[in-house]
Amino acid sequence: EEKNMTPEQFQHRIRQNAEQVKQAINRTIPVKVGRAAKDHFQENFDKGGFVNGGLHPWKRSKRIGRAKGAAGGYKTLMMDGSSFFFIEYHPGTAKVDVVNNVPYARVHNEGLRAGRGRGFQMPRRQFIGESKELTKKVEDIIENEIGRILQ
């Protein structure tokens, strides 16, 4: 079979396999994309930064290694990753939502004000968001799924 189809041949092939394409768009692709996104964002914790056109390392906490006693042994919340690993994905019809509902996740991801009273400015330690590498993974998933159906 030909690898390079004309637009007309492609449309014909889509119509022939309409039910499989619909299933892929509405369910299979959102599940696979959600899993890929969750894995990508969780890997940011292992790498200590956000991957988007390469690694953008997070700013280290000032207290790590400088403070005396127990405080010097702490890691940042971003480094221990325990509750931040609670990244979920919810596939829907032709879409997927990727979320982290930890209450302070947005403060870290966007570098917002934190603490009581006046608080302090949390340095931005992005771990979730648009990423060139993730976009490429998503494109590959879509291409592979539709390509598999149209073979």
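Described below are features of the structure shown in this document. Keep in mind the model is a prediction, meaning the values are calculated, not measured. (Residues numbered from 1 in each chain as written. Predicted model: local features only at pLDDT ≥ 70, side-chain atom pairs only at ≥ 80, totals over all residues. Heavy atoms only, no water.)

A separate point is the environment of Tyr-89. Position of Tyr-89 relative to the elements: it lies in strand 3 (residues 87–92). Since its relative accessible area comes to 23%, Tyr-89 is described here as partly exposed. Spatially, the C-alpha atoms of Tyr-89 and Lys-38 are 6.8 Å apart, while their sequence positions differ by 51 residues. Not counting residues within four places of it along the chain, the set of residues in contact with Tyr-89 comprises Val-31, Gly-34, Arg-35, Lys-38, Val-96, Asp-97 and Val-98. (Helix = DSSP H or I, 4+ residues; strand = E, 2+ residues; numbered from the N terminus. Buried < 20%, exposed > 50% of the residue type's maximum accessible area, 1.4 Å probe, protein only. Contact = heavy atoms within 4.5 Å.)

Attention shifts here to the side chain of Glu-145. If you trace the backbone, Glu-145 turns up in helix 5 (residues 132–150). In contact with Glu-145, not counting residues within four places along its chain, are Thr-28, Ile-29 and Lys-32.

Counting residues in hydrophobic clusters, the biggest one holds 11 residues: Ala-37, Phe-41, Phe-45, Phe-50, Trp-58, Ile-87, Val-102, Ala-105, Phe-127, Ile-128 and Leu-134. Sorting elements by how many residues they give to this core places helix 2 (residues 18–47) first, with three residues. Once residues lying within four places of it in the same chain are set aside, the contact partners of Leu-134 are Ala-36, Ala-37, His-40 and Phe-41. Counting nine residues, the second largest nonpolar core, distinct from the first, contains Ile-29, Ala-36, Ile-141 and Leu-150. (Core = buried A, V, L, I, M, F, W, Y, C linked by side-chain atoms within 4.5 Å.)

Where strand 3 lies against strand 4 (residues 95–100), six bridges are found, and the strand directions are antiparallel. Bridged to Glu-88 within strand 4 is Val-99. Remark: two residues form the turn of the hairpin made by strand 3 and strand 4, two consecutive strands paired antiparallel; Ala-94 in that turn has positive phi of roughly 60°. (Pairing = 2+ DSSP bridges.)

Right, let's get into the packing of aromatic side chains. As enumerated under the stated definition, the model contains two aromatic pairs in all. Between Phe-45 and Phe-127, the aromatic rings sit 5.3 Å apart at their centres with planes inclined by 40°, giving tilted as the arrangement. Here Phe-127 lies in the loop between strand 6 (120–121) and helix 5 and Phe-45 lies in helix 2, a separation of 82 residues in the sequence. The same class applies to Phe-45 as to Phe-127, namely buried. Grouping aromatic residues by their ring pairs yields a cluster made of Phe-45, Trp-58 and Phe-127. (Phe/Tyr/Trp six-rings, centres within 6.5 Å; stacked < 30°, edge-to-face > 60°.)

Attention now moves to unusual backbone geometry. The backbone of Ala-94 shows a phi angle near 60°, a positive value even though the residue is not glycine. Residue position: Ala-94 is located in the loop between strand 3 and strand 4. Among the residues examined, Ala-94 registers a relative accessible area of 47% and is labelled partly exposed.

Moving on: the environment of Lys-47. In this structure, Lys-47 sits in helix 2. Sequence separation between Lys-47 and Trp-58 is 11 residues; the distance between their C-alpha atoms is 9.4 Å.

Here we take up the packing of helix 2 against helix 5. For the pair helix 2 and helix 5, the least separation of the axes is 9 Å and the interaxial angle reads 150°. Of the possible angle classes, the one that applies to helix 2 and helix 5 is roughly antiparallel. The hand of the helix 2/helix 5 crossing is right-handed. Along its contact with helix 2, which presents Gln-20, Val-21, Ala-24, Thr-28, Ile-29, Lys-32, Val-33, Ala-36, Ala-37, His-40, Phe-41 and Glu-43, the element helix 5 presents Glu-133, Leu-134, Lys-137, Val-138, Ile-141, Ile-142, Glu-145, Ile-146 and Ile-149. (Axes fitted to C-alpha atoms, helices over the stretch in contact; angles between N-to-C directions. Parallel < 35°, antiparallel > 145°, perpendicular 65-115°, else oblique. Left-handed = near helix turned anticlockwise from the far one by under 90°.)

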